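Survey of secondary and tertiary structure
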Amino acid sequence: MDFLTLIQQCINGISLGSTYALIAIGYTMVYGCLRLINFAHADIMMVGAFLSFFAINSLGLPFIASAIFAILLCILLGIIIDKIAYLPLRSAPRISMLITAIGISFFLENIFNVFFGSTPKFFNAPEFLSQNINIVGISLTHITIIIPAVTILLLIMLLQFLYNTKQGMAIRATAFDIHTIGLMGINVNTIIAIVFAIGSSLAGIGGIFYAVSYPTIDPLMGVLIGLKAFAAAVLGGIGSVGGAVLGGFILGFTEVMAVAIFPNLGGYKDAFAFLFLILVLLFRPVGIMGDWKLEKSRF
Amino acid sequence: MKVKNLYHNNPTATTFSGHILVYILMIVVLFLAQSVLDDYLLRVFNNILIFVILAVSYNLINGVTGQLSLEPNGFVAIGAYVTALMLLDSDSKLGMFQLSDPHPFVLSMYSELLPALLCSGLVAAFISILLAFPVFRVRGDYLAIVTLGFGFIIKILAINNPEWTNGAIGLNEIPNNNDTIMNSIQAFMYSIANSPNMPESIKAFMSYLYTHSFENGANITIFFWSGIIATASVILILQIVYSKFGRAMKAVRDDEDAAIAMGINTFKIKTFAFSTSAFLEGVGGGLMAVWLTTIDPKIFGFELTFQLLIIIVLGGLGSTTGAILGTILVIGGGEWLRFLDQPLVFFGTDFGSYPGLRMVFFSLILLCIMLFAREGIMGKKELWDLNPKKKFFKG
């Protein structure tokens, strides 16, 4: 493989990694606040892709408008899921919330299966996004460059929000100690609703990006991507937003590069995320950017 | 008081003859079910029996020891493949393997049902002990994602090693009558039913059982062994839970640091629970392979793990009888909801058919049960710990 193809694959890997990163942020923030592996999160990504598909094909909206429509509905869905399935169980054993998360995940997958059918649908994105551009001999589609750029922009915005606003501070405080923060006069449920809104909007964006770059969507598309994104969140150190993005980039990059360099490992593509995660956890059981001190109080 | 209820109310502290009585009772129930239930209900019953094995053993590591392990699908897959490969003879393997020639070792594997099931369990347990070293370095939710990863890797390995597993095509036509014990029971029943010296009533009863069990084409072998092994698993798990090891497991679940401080070797206890549950999951997987007669990597995905997790949490994490109750609810209820996938007709109006509607309702019912019975139906209690005066649902 020549050098240019290598660079091209690198950028493809980073682009895929950005999609993982966008979804991993939602996992890591919800996990940070509620200590909940939100299995329904990946399905919000699927819902984002499907709603955008629906808006383009049935409502006839332009791509950008359909994306905004999908993201807004994803935010609403995230908040509703929190209110219905997680809010009543805040004081219950954590495993109960895990089961309601799996229940919501099954529900979303199957309700979309009922409405849209289980056959994969072709997602017709605007042609501009899949056009090729040439930069010093490297041929790339527009979308592979737009995805990482938007991801980094959103990450900067999110970090600004988390570290420079009162709500952001409240979110970080919730992640640190959810029991005390209620005593400080902060409405915990509002803060968690904000967390779900942020996570769901990012998952929706990730879903649309994924649908544009791999243009078939089906109701079960979220399952595997979601698990890989969760692996990315754990790899980066769960609870850390920067770690989630880093983990996402690393996983996407490794996945694409490993298959590019060793084509006969193609069948193991989906297992790389977990192999890599297991290796890292063996040497650093809290992930790359995880905090040892916080772990003590957690488990 | 509470401690006494939880730990010393041991129903399995009976004599050896008590256990024999339970098995005989189970055999009678099996043969009765065989002759009373129709073919469809029998299949549901058999499915429940196999899932009882999986659920009670999964409950040992997940509920009793409190380690959120998410890889029973891997052990079930290992068990299913080992049993299937051992039951198929070399000719059918050579005919079946299309993607690649079978590995010489695969060709040499051949045995009857019981040794095959035993090997399935042992292989699964051996692999679980190997996995315990890396897996139990991490705790809590990290353990969940690591084990989920291992379960997934086992599935990917099954897809990508066609000389061992025939890849994504899977194995089919797994024989289900390859069992000397069942064949001799059959011969015994036949000889009694046709013996001239027996009283007429016994002869009539035996020939009734024989015709209903063996002659209507139903697969009594796997049904019989599912029942026997399910009973054995429940007894074994209860014996472990109420033993010294069981108390240590509960200590690890309730406070791992305190357990270490009390001198419990938590790694040993976790590995013991992990490998015991892996053994039974392997055996259950073997039974599943024989029951389905066709297996491929797709059926051993996360969905299987999540289904088992739902079963044990719904029944009450840590409660063995709860796991059995959960199995009946989830498997039986799931079958009952199957009418939703058929064309729907209410009050003479045809609403059309919506494939997938069953799972929509299943997940809604699951949500409702979890919202109203947060610790599952039984909580950590067993059936015999329940105080009928107390409220059934907590929350």
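Here the structure is a predicted model, which is why all the values come from computation and not from measurement. Throughout this description, residue numbers start from 1 for each chain and increase along the sequence as written. Chains and ligands are labelled sequentially in the order written, the chains with letters from A and the ligands with numbers from 1. Note on the predicted model: pLDDT of at least 70 is required for a residue's local features to be given, and 80 or more for side-chain atom pairs to be given and counted; whole-chain, interface and lining totals, by contrast, use all residues. In computing side-chain values, all of the structure's heavy atoms are included and hydrogens and water are not.

Time to look at the interface of chain A and chain B. Taken residue by residue, the interface counts 46 residues in chain A and 39 residues in chain B. Both faces considered, chain A and chain B share a buried interface measuring about 3,900 Å² in area, 80% of it formed by carbon and sulfur atoms. By definition here, a salt bridge exists when the distance from a side-chain nitrogen of Lys or Arg to a carboxyl oxygen of Asp or Glu is within 4 Å. The tally of links between chain A and chain B comes to one salt bridge. With a shortest N-O distance of 2.8 Å, Arg 94 of chain A and Asp 141 of chain B are connected by a salt bridge. Contacts: residue pairs with any heavy atoms within 4.5 Å of one another. Two parts placed together each lose some accessible area under a 1.4 Å probe, and adding up what both lose gives the buried area.

The next thing to look at is the UniProt feature "transmembrane region" (unreviewed entry) in chain A. All names here are of chain A. Per the UniProt record, "transmembrane region" (unreviewed entry) is found at residues 6-27, 39-57, 63-85, 97-116, 136-163, 191-213 and 271-290. Its end C-alpha atoms 28 Å apart, residues 97-116 is made of 100% helix and 0% strand. Each helix is a run of DSSP H or I of at least 4 residues and each strand a run of E of at least 2, with the numbering of both proceeding from the N terminus. The span residues 191-213 is 100% helix and 0% strand, and its two end C-alpha atoms sit 33 Å from each other. UniProt positions are given in the numbering used here, feature names are shortened, and annotations may be inferred rather than shown by experiment.

Residues and elements named next belong to chain B. Structural elements are reduced to axes, namely lines fitted to C-alpha atoms, with helices fitted over the stretch in contact, and the angle between N-to-C directions of any two is expressed from 0 to 180 degrees. It is at 9 Å that the axes of helix 3 (residues 39-64) and helix 13 (residues 244-254) come closest, and there the two elements cross at 50°. The angle between helix 3 and helix 13 falls in the class oblique. Side by side, helix 3 and helix 13 meet where Leu 60, Gly 63 and Val 64 of the first sit next to Gly 246, Met 249, Lys 250 and Arg 253 of the second. Looking at the contact of helix 3 with helix 13, its residues break down into three nonpolar, two polar and two charged. With respect to orientation, any angle under 35 degrees is reported as roughly parallel, any angle over 145 as roughly antiparallel, any angle of 65 to 115 as roughly perpendicular, and every other angle as oblique. Note on residue categories: nonpolar means Ala, Val, Leu, Ile, Met, Phe, Trp, Tyr, Cys or Pro, charged means Asp, Glu, Lys or Arg, and polar means any other residue, Gly included.

Right, let's talk about the pattern of salt bridges for a bit. The final tally for this structure, using the stated rule, is 13 salt bridges over all chains. Between Glu 200 of chain B and Lys 203 of chain B there is a salt bridge; the shortest N-O distance is 3.6 Å. Here Lys 203 of chain B and Glu 200 of chain B lie together in helix 11 (residues 200-215), a separation of three residues that amounts to about one turn. Accessible area is worked out with a 1.4 Å probe on protein chains only. A residue is then buried under 20% of its type maximum, exposed over 50%, and partly exposed in between. Given a relative accessible area of 57%, Glu 200 of chain B falls into the exposed group. Via salt bridges that share partners, Lys 228, Glu 255, Lys 269 and Asp 270 of chain A belong to a single interconnected network.

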